[in-house]
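Residues per chain, in single letters:
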There are 2 protein chains.
Amino acid sequence: MRQATLEKDIRDSILDAVGRLLGHYGYKKMTVDDIAHEAGIGKGTIYLYFPSKEEVALGWIDRANKELLEQLNLITASDLPPDERIRRFLLTRVMFRFDSVQQFAQSLDELYVAMRPIFHARRNRYHDAESQVLAHALAQGRVVGIFHCEDENAVARLMLLATNSLLPYSLSAGELGQRDEIEAKVLGIADMILNGLLRRDTSACVIARIVHEKPE
Amino acid sequence: MRQATLEKDIRDSILDAVGRLLGHYGYKKMTVDDIAHEAGIGKGTIYLYFPSKEEVALGWIDRANKELLEQLNLITASDLPPDERIRRFLLTRVMFRFDSVQQFAQSLDELYVAMRPIFHARRNRYHDAESQVLAHALAQGRVVGIFHCEDENAVARLMLLATNSLLPYSLSAGELGQRDEIEAKVLGIADMILNGLLRRDTSACVIARIVHEKPE
DNA sequence: CTGGTGACCATATTTGTATTCTGGTCACCA
DNA sequence: TGGTGACCAGAATACAAATATGGTCACCAG
C-alpha cells in the first residue's frame, strides 16, 4: 500500500506537471526533460511509468476523463428524479470538458492534431463508458415508470451523440461560444429529447395525419 | 441573360475544376494556375470572378451547401407527413455532406485547417439557413396538430445541434464510420427527439415521481 | 536489491541560405 | 471590354549544418 501510494504519487506528479506545461507551451514544445524537471524527478523516471511521451499526454487526458466519469456516476447515484439526473448528466458531461479546456484552447487543438488516430480511439472508449453510466440512469427511470424506452444502451448512445457537437474536440472553446450559451443548448437538447415533439394524444395525431393526407 | 448565363458558366467551370483538383491534390498543392488550366481559362480570369484563391475554395463549398439547401427545401415542400419530413430533412442534411466528402477525406481536413476562422463563420451561415427551413417544417407540423412546440426556431436550432456531431467537419469520413451506421444514428436521434423519452400519461408520471421521492 | 537517474545516441527538428514557386496584378489585345 | 499571361513581391521548398530531443540503459544511493 505504501509502495503503491508512492507510485501513484509520482504518476500523479508527472500528470500534474503535464497539465501545467501544456497550458504554457503546448504539446510539441513541451519536452520530456521539461516534464521531469517540473515534476522534480529524473527523465528516466518518466519511462518507468509511461512507455512514451505520447502516452504521458494521453494519461493526462485519461485522468481527466476518469474524474468526469466519477462525477457522472455520482449523479446517477443521486436522489434526484430520473429526468433531472439525465439533464444533470448531460450538462456535466459537456460543461466539465468545456471548463477543462478553458486554459488550453490552442494547445489542445495542437495536441489533438498531433495524435489524432490514437486519441480518436480513446475518445470512443470514454464515450462508451459514459454511455453505460447513462444507460443505467435510463434503466432506473424505466423501472419507476418515468421513461419509456426499450433499449437503454441504444438510447444512451444516441443521447450522447446528440450532445457531442458541443464538446470541445471539433470546435475550440472560442468557437463553441459563451459558457451560458453552451449550458442553455445542452439543457435545450436534453429537454427536447425528454419531452419529444410529437403530440401524444393519439386521436389528435391520427386526425391530424388524416387531415394532412386528405387531397384538396 | 445570355451574358449572365455565360458568366455563370465560367464561374461554374472554375468551381468544377476546383472540385476535381481538391480531390487529387488537396488545397495547398492546388495552385491558381492549376485551376485555370483545368478550367481552360487564363489565370487572370479567375480574379474576375473571385477575389482570392481562398474565396475560390469557399465558393466551391458554398455551391455544395446551396445544392443541399435546395434539397432540404424540396423535402419541406413535399407531400410527406410532417414527422417524416423531419426525419428526411435531418437524414439528407447529414448524408449529403457525408457523401460529398467521400473522395476528399484528407484534403477537406487540410482545407478546414487552412481556413478555419472564415470557414467557421460560413458554416454558421449554412446552419442558420438550414435551421430556418427546418423551422418552417416544424411550423407546418404544428399547424396540422402533429407537433407541440412553441418556438420552432429554437427547436430547429437544437435539432440541428443534436445531429451536428455526425457531420464530417470535426471527424473525417473514416472516423465517422460506415454510411449505414451514420444513417441509423441520424434516424435514431430523429426518432428519439420526435417521440421523447418521458412517458406522457400524466397520472403514471406523477405516481412514478411520488413513488421515487417517497423515503424508504 | 531495486527504483531513480542522467550520460549517451540515433533520429528529429531547427536554422540559415539559396533557389524556385505562386498568389495576385495589370498592360496589352482580340 | 473581358480575357490573358508576363511580371513581381513574398512565400515556400530544398539542402546542409547545427542543435535538440525521445528513448535507452549502465550506474548508484538508499
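Sequence order as written defines the numbering, with residues in each chain counted from 1. Starting at A for chains and at 1 for ligands, labels are handed out in the order in which the entities are written. pLDDT decides what is reported in this predicted model: residues at 70 or higher carry local features, side-chain atom pairs at 80 or more are listed and counted, and totals for whole chains, interfaces and linings draw on all residues regardless. Hydrogen atoms and water are omitted, and side-chain values are computed over all heavy atoms in the structure.

Caption draft 1: Representation of the environment of Ala190 of chain A in the model. Residue and element names in this part refer to chain A. Comment: elements are numbered from the N terminus, with helices defined as DSSP H or I runs of at least four residues and strands as E runs of at least two. When you line up the elements, Ala190 lands in helix α10 (residues 179–195). Separated by 101 residues in sequence, Ala190 and Phe89 place their C-alpha atoms 9.7 Å apart. Contacts were defined at the residue level, with two residues in contact if any of their heavy atoms lie within 4.5 Å. Residue contacts for Ala190: discarding those within four places in its chain leaves Arg87 and Leu90.

Caption draft 2: Quick peek at the protein's contact with DNA strand D. In the vicinity of DNA strand D, 15 residues are found, and the nearest of them are Lys43 and Lys53 of chain A together with Gly42, Gly44 and Thr45 of chain B. N or O atoms closer than or at 3.5 Å make up a polar contact, with two conditions inside protein: a donor-capable atom paired with an acceptor-capable one, and, for residues adjacent in sequence, both atoms drawn from side chains. Within the contact set of DNA strand D, a phosphate oxygen lies 2.8 Å away from a backbone nitrogen or oxygen of Val32 of chain A. Interatomic distance of 3.2 Å between a backbone N/O atom of Gly44 of chain B and a base oxygen of DNA strand D. Top contributing element to the surface near DNA strand D by residue count: helix α3 (residues 43–49) of chain B, with 5 residues. Only Asp, Glu, Lys and Arg are considered charged, only Ala, Val, Leu, Ile, Met, Phe, Trp, Tyr, Cys and Pro nonpolar, and every remaining residue, Gly among them, polar. Residues that form the surface near DNA strand D fall into these classes: 7 nonpolar, 5 polar and 3 charged. Definition of nearness: a residue and a molecule or strand are near each other if at least one heavy atom of the residue lies within 4 Å of the molecule or strand.

Caption draft 3: Inspection of the pattern of salt bridges at higher detail. Residues and elements named next belong to chain A. A pair is scored as a salt bridge if a Lys or Arg side-chain nitrogen falls within 4 Å of a carboxyl oxygen belonging to Asp or Glu. Enumeration over the complete set of coordinates arrives at 28 salt bridges over all chains. A salt bridge links Arg87 to Asp191; the nearest nitrogen and oxygen atoms lie 2.5 Å apart. Within this pair, whereas Arg87 is found in helix α5 (residues 82–100), its partner Asp191 is found in helix α10, the two being separated by 104 residues in sequence. In this structure, Glu152 engages Arg142 in a salt bridge whose closest nitrogen and oxygen atoms are separated by 2.3 Å. Placement of Glu152 in helix α8 (residues 152–164) and of Arg142 in helix α7 (residues 116–143) is noted, with a sequence separation of 10 residues between them. Taking the relative accessible area as the measure of exposure, Glu152 reaches 12% and is therefore buried. Accessibility here uses a 1.4 Å probe with only protein chains present; expressed as a share of the type maximum, an area under 20% marks a residue as buried, one over 50% as exposed, and anything in between as partly exposed. Using a relative accessible area of 38% as the deciding quantity, one classes Arg142 as partly exposed. When salt bridges with common partners are traced through the structure, they connect Asp83, Glu84, Arg87, Arg88 and Asp191 into a single cluster.

Caption draft 4: Region of the structure containing the interface of chain B and chain A. At the interface, 45 residues of chain B touch 45 residues of chain A. In total, chain B and chain A occlude about 4,400 Å² of area from one another, counting both sides; carbon and sulfur atoms represent 63% of this. For the pair chain B and chain A, the number of links is 0 salt bridges. On the surface where chain B and chain A come into contact, there are 11 residue pairs in polar contact (both at pLDDT 80 or more). Contributing elements (two or more residues each) for the side of chain B that touches chain A: α5 (82–101), α7 (116–143), α8 (152–164), α10 (179–195) and α11 (202–213) of chain B. Counting residues per element, the side of chain B that touches chain A draws most heavily on α10 of chain B, at 7 residues. Looking at side-chain class alone, the side of chain B that touches chain A contains 22 nonpolar, 11 polar and 12 charged residues. Once two parts are put together, the accessible area they lose, assessed with a 1.4 Å probe and summed over both, is termed the buried area.

Caption draft 5: A look at the environment of Gly59 of chain B. Its location among the elements puts Gly59 of chain B in helix α4 (residues 53–76). Between the C-alpha atoms of Gly59 of chain B and Leu15 of chain B, which are 44 residues apart in sequence, the distance is 7.1 Å.

Caption draft 6: Expanded view of the protein's contact with DNA strand C. Around DNA strand C, a shell composed of 15 residues is seen, among which Gly42, Gly44 and Thr45 of chain A together with Lys43 and Lys53 of chain B lie nearest. Take Gly42 of chain A: an N or O atom from its main chain is 2.7 Å from a phosphate oxygen of DNA strand C. Val32 of chain B places a main-chain nitrogen or oxygen 2.8 Å from a phosphate oxygen of DNA strand C. Sort the elements by how many residues they give to the surface near DNA strand C and helix α3 (residues 43–49) of chain A lands first, with 5 residues. The residue inventory of the surface near DNA strand C, partitioned by class, reads 7 nonpolar, 5 polar and 3 charged.

Caption draft 7: Broad picture of the packing of helix α4 (residues 53–76) of chain A against α5 of chain A. Residues and elements named next belong to chain A. Fitted lines through C-alpha atoms give the axes, limited to the stretch in contact for helices. The angle between two N-to-C directions lies from 0 to 180 degrees. Orientation of α4 relative to α5, taken along the N-to-C sense of each, is 165°, at an axis distance of 9 Å. The angle between α4 and α5 places the two elements in the roughly antiparallel class. Crossing angle aside, the handedness with which α4 passes α5 is right-handed. Here Ala64, Asn65, Glu67, Leu68, Gln71, Leu72, Ile75 and Thr76 of α4 lie close against α5, whose contacting residues are Arg85, Arg88, Phe89, Thr92, Arg93, Phe96 and Arg97. Should an angle fall under 35 degrees it is called roughly parallel, over 145 degrees roughly antiparallel, and 65 to 115 degrees roughly perpendicular, with every other angle called oblique. Throughout, a crossing is termed right-handed when the near helix is turned clockwise from the far one, and left-handed when it is turned anticlockwise from it by less than a right angle.

Caption draft 8: Main features of α10 of chain A. Here α10 of chain A spans 24 Å end to end across 17 residues, near enough to the 24 Å set by a 1.5 Å rise per residue. Buried within α10 of chain A are the following residues: Ile182, Val186, Gly188, Ile189, Ala190, Met192, Ile193 and Leu194 of chain A. In the core, the buried residues of α10 of chain A are packed alongside α5, α8 and α9 (173–176) of chain A together with α8 and α10 of chain B. A positive backbone phi angle near 75° is found at Gly196 of chain A, which sits one or two residues after α10 of chain A. Expected helix span is taken as 1.5 Å per residue step, with the number of steps being one fewer than the number of residues.

Caption draft 9: Geometry of the environment of Glu38 of chain B. Residue and element names in this part refer to chain B. By the element assignment, Glu38 lies in helix α2 (residues 32–39). A relative accessible area of 33% places Glu38 in the partly exposed class. With 17 residues separating them along the chain, Glu38 and Leu21 place their C-alpha atoms 8.1 Å apart. At 2.6 Å, the side chain of Glu38 forms a polar contact with the side chain of Arg20.

Caption draft 10: Summary view of the relation of the copies chain B and chain A. For the pair chain B and chain A, the relating rotation is 180°, the translation along its axis is 0.0 Å, and the fit reaches an RMSD of 0.0 Å. Within this description, the copies of the chain are treated as partners about a two-fold rotation axis. Copies are brought into register by a least-squares superposition over C-alpha atoms of residues with pLDDT of at least 70 in both.

Caption draft 11: View of the packing of aromatic side chains. Stacked, edge-to-face and tilted labels apply to pairs of Phe, Tyr and Trp rings (six-membered ring for Trp) whose centres lie within 6.5 Å, assigned for plane angles under 30 degrees, over 60, and everything in between, in that order. A full pass over the atoms with the stated rule returns 0 aromatic pairs over all chains. For a lysine, the NZ atom is tested; for an arginine, the CZ atom; a charge sits over a ring if that atom is within 6 Å of the ring centre and within 35 degrees of the ring normal. A cation sits over an aromatic face here: Lys53 of chain A above Tyr27 of chain A, 4.6 Å from the ring centre.

None of the figures reported here should be taken as evidence of function without further support.
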